Amino acid sequence: MNIKSKIIFFLNRNIVNLLFVNNLKSNKKLFFRTYKTDKPEDADLLFKIFYDIGKYSLLMKRVFSKPDRWSVFRKQTFIEMDNLCLGSLGIVAIISIFMGAVLVIQTAYSISTPLVPLYTIGFTTRQSLILEFCPTIVSLILAGKVGSRISSEIGTMRVTEQIDALEIMGINSANYLILPKIIACVLLNPFLIIASMFLGMFGGWIVAVFTGAVTSNVYIFGLQSFFDSYPVFYALIKTSVFAFIITSISGYHGYYTRGGALEVGRSSTLAVVYSSILILLTNLILTQLLL
Amino acid sequence: MIEARNIYKYFGDKKVLQNISVRFEKGKTNLIIGQSGSGKTVLMKCLVGLIEVDEGQVYYDNRNFSEMSLLEKKNIRKEIGMLFQGSALFDSMTVEENVMFPLNMFTKMSKEEKKDRVNVCLNRVNIENANNLLPSELSGGMRKRVAIARAISMKPKYLFCDEPNSGLDPKTSIVIDKLISEITTEFQITTVINTHDMNSVIEIGDKIAFVYEGKLWWEGNKKDILNTDNKEINNFVYATELLRKLKK
């Protein structure tokens, strides 16, 4: 078999797997092999990836359907905005202030030559915070805080049959539980990140002034120098995409939890790990596309 | 009336349900009994559609549930109330909010009407002054009663109870059993209860279906079950020393 044939064989096999992922449980013969199990753990890694993508896509189809009752959906969305976004304001504020402070110290340390003007400290801090630190690092922190919360909340509802109770009532449980969380975070996380940017710059200012690394006026002049609004737009786009990843991946892991407390913990860990990896991967792709 | 016709369910190579055909009558307390692992929970989940059957059909008053579209199934489910083994009350909601939840989702009642309906349901299950408590603040028996109140809030035609006595003391178990039986007669509901509690069988078993190794082994009522010669049933019914002595 030459290289070209091998590639075609590989693609064929996996496209067929993807298309027939729904038939996994009915033991249907998939193009090149038969799976005698409904446990994806028993299959190989590549199959597991396609299995999860298929399952995640089907879940998202259920999530993005019309809510059973708009008034209940609206109320749930506001509750989630309060729980997931406003409830994260404290941790975001602390992280941002310290991030800005450390950035100023590191930049001041790096600028040892008098040829580089001191306002560069303010400029570099602003650019680093807007372009990378606030949208990406804060989103990674939120993946830990919000992601584990969503996954464990939905996972616990699954193992205590609360999701079955919703289904028995004729409610689309995936839509009722996951969509308000996605909408809340996609809409409000950008505001959280804007607050984080300001607080980061403020943290930098405190350190700049109190350590004497640079004067207040020079630091503020640096913050205002060469300002372009596009990086802010880029950061907010990234934040919304990351918010979608955090909520949907965590929702997926929580929704398909099986077993008991141990599995809820496992789902929670997987949600944080997969969300973080996907955030880093998407960050790379979006940066290449948008900058 | 709920009817299962020739139901088969497989998990991989394992046959969990084999050719089960059974009919549950309206206004009666129908019991599915059997040992742990015999397939009675799977049978109940197949009846309500939480698990899809591999072969066979389920009928709700001659409406073929297995062949229905998602929307039709959704409409049938509004006629179903279910009491889960662990009560399955929503942790983040108070007792009142839990009972009001189906009303919020599916009715256009005013807030006052909904509150009245909630109070009627809670009074029916003898819960008073607990409207603002969270499920974590309730005892096991109270949780079950709130779950029953939630299940009957939409005036269901069909009520399913999955091991309603699990985790309860014998006295509270009888209270719950009698409550379910009374509600069944009062509202003319088709009630299906999944249990392995012999007290329930003797107290409220209008119709009993005994499931053994995934097959429907025996059908009858609470009088028949004590006098049957069926070996498997006798092993199940007289499993304890106390009952064996009573039989003698």
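No experiment lies behind these values; they were computed from the predicted model shown.

Asks: Got a sec to walk through the sheet that holds strand E4 (residues 55–60) of chain B? Specific residues and values, please.
Replies: Residue and element names in this part refer to chain B. The strand order across the open sheet built from four strands is E2-E1-E4-E5, with neighbouring strands paired in antiparallel fashion. Each of the sheet's edge strands pairs with one partner strand only, and the pair in question is strand E2 (14–24) and strand E5 (63–64). Note that strand E1 (residues 2–11) and E4 share five bridges and pair antiparallel. Opposite arginine 5, over in E4, you have glutamine 57 as the bridge partner. Sitting on the sheet, helix H1 (residues 40–48) is in contact with E1, E2 and E4, with an inclination near 60° to E2.

Asks: Please give an account of the pattern of salt bridges that cites residues and values.
Replies: All names here are of chain A. Considering all chains together, one arrives at 16 salt bridges over all chains under this definition. The salt bridge involving arginine 149 is made with glutamate 153; its shortest N-O contact spans 4.0 Å. In this pair, arginine 149 and glutamate 153 are both assigned in helix H5 (residues 119–159), four residues apart and thus about one turn of the helix distant. Residue arginine 149 is classed as partly exposed on the basis of its relative accessible area of 34%.

Asks: Can you explain the packing of aromatic side chains? Please cite residues and give values.
Replies: Applying the stated rule across the entire model yields 19 aromatic pairs over all chains. Between A:Trp70 and A:Phe73 the ring centres are 5.7 Å apart and the planes differ by 85°, which places this aromatic pair in the edge-to-face class. Highlighted residues: A:Trp70 and A:Phe73, both in helix H3 (residues 70–85), separated by three residues, approximately one helical turn. Arranged with centres 6.0 Å apart and planes meeting at 20°, the rings of A:Phe202 and A:Trp205 form a pair that is stacked. One end of the pair, A:Phe202, and the other, A:Trp205, are both in helix H7 (residues 173–211), three residues apart, so they sit about a helical turn from each other. Under the relative-accessibility criterion, A:Phe202 is labelled partly exposed at 41%. Three or more aromatic residues link up through ring pairs in this structure, and these residues are A:Tyr56, A:Tyr252, A:Tyr255 and A:Tyr256. Above the face of the B:Tyr59 ring, B:Arg5 is positioned so that its terminal group lies 3.9 Å from the ring centre. The ring of B:Phe65 is capped by B:Lys73, whose NZ or CZ atom sits 5.4 Å from the centre of that ring.

Asks: Talk me through the interface of chain B and chain A; I want residue IDs and the actual numbers.
Replies: Residue-level contacts link 26 residues of chain B with 16 residues of chain A. Interface area for chain B against chain A, summed over the two sides, is near 1900 Å², with a carbon-plus-sulfur share of 60%. Taken as a group, B:Arg77, B:Phe90 and B:Met105 account for 28% of the area that chain B buries against chain A, more than any other trio of residues on that side. Linking chain B with chain A are one salt bridge. The shortest N-O distance in the salt bridge between A:Asp68 and B:Lys74 comes to 2.5 Å. Counting every contact that joins chain B to chain A gives five residue pairs in polar contact (both at pLDDT 80 or more). At six residues, the largest contribution of residues to the side of chain B that touches chain A is made by helix H3 (residues 95–106) of chain B. For the side of chain B that touches chain A, the residue count by class is 14 nonpolar, four polar and eight charged.

Asks: Any chance you could break down unusual backbone geometry for me, citing the residues and the numbers?
Replies: Residues and elements named next belong to chain B. At asparagine 62, a residue that is not glycine, the phi angle is positive and equals roughly 65°. Located in the positive-phi region is glutamate 213, a residue other than glycine, with phi close to 50°. Positionally, glutamate 213 belongs in the loop between strand E9 (207–212) and strand E10 (215–220). Residue glutamate 213 is classed as exposed on the basis of its relative accessible area, which comes to 55%.

Asks: So what's going on with the pairing of E2(B)? Which residues, and what values?
Replies: All names here are of chain B. As judged from the seven bridges shared by E1 and E2, these two strands associate in the antiparallel manner. Of the residues in E2, the one forming a bridge with lysine 9 is leucine 17. Following E1, the chain reverses through two residues before pairing antiparallel with E2; glycine 12 in that reversal takes a positive phi of roughly 65°.

Asks: Lay out the sheet that holds strand E7 (residues 158–162) of chain B in plain terms, naming residues and giving numbers.
Replies: Residues and elements named next belong to chain B. The strand order across the open sheet built from six strands is E6-E7-E8-E3-E9-E10, with neighbouring strands paired in mixed fashion. Whereas interior strands pair on both sides, the edge strands pair on one side only; in this sheet they are strand E6 (80–83) and E10. The mean inter-strand angle of the sheet, taken between neighbouring strand axes irrespective of direction, is 20°. As paired strands, strand E3 (residues 29–33) and E9 are joined by four bridges and run parallel to one another. Note that in E9 the partner of isoleucine 32 across the bridge is alanine 209. Docked against the sheet, helix H5 (residues 140–152) engages E6 and E7, running at close to 170° with respect to E6.

Asks: Account for the domain arrangement of chain A, with residues named and values stated.
Replies: Residue and element names in this part refer to chain A. Domain parsing of chain A yields domain 1 (3–61) and domain 2 (70–290). Taken together, the contact pairs five residues of domain 1 with eight residues of domain 2. Summing the contributions of domain 1 and of domain 2, the shared interface buries around 660 Å²; its carbon and sulfur component is 72%. In terms of surface lost to domain 2, no three residues of domain 1 exceed Lys55, Tyr56 and Leu59, which account for 74% of the buried area on that side. There are zero salt bridges connecting domain 1 and domain 2. On inspection of domain 1 and its partner domain 2, the count reaches two residue pairs in polar contact (both at pLDDT 80 or more). The class makeup of the residues in the side of domain 1 that touches domain 2 is three nonpolar, no polar and two charged.

The rules behind each value
- Residues numbered from 1 in each chain as written.
- Chains lettered and ligands numbered in written order.
- Predicted model: local features only at pLDDT ≥ 70, side-chain atom pairs only at ≥ 80, totals over all residues.
- Heavy atoms only, no water.
- Pairing = 2+ DSSP bridges.
- Helix = DSSP H or I, 4+ residues; strand = E, 2+ residues; numbered from the N terminus.
- Contact = heavy atoms within 4.5 Å.
- Axes fitted to C-alpha atoms, helices over the stretch in contact; angles between N-to-C directions.
- Salt bridge = Lys/Arg side-chain N within 4 Å of Asp/Glu carboxyl O.
- Buried < 20%, exposed > 50% of the residue type's maximum accessible area, 1.4 Å probe, protein only.
- Phe/Tyr/Trp six-rings, centres within 6.5 Å; stacked < 30°, edge-to-face > 60°.
- Lys NZ or Arg CZ within 6 Å of the ring centre and 35° of its normal.
- Buried area = accessible area lost by both parts, 1.4 Å probe.
- Polar contact = N/O pair within 3.5 Å; in protein donor to acceptor, adjacent residues only side chain to side chain.
- Nonpolar A, V, L, I, M, F, W, Y, C, P; charged D, E, K, R; others polar.
- Domains from an automatic or database assignment.

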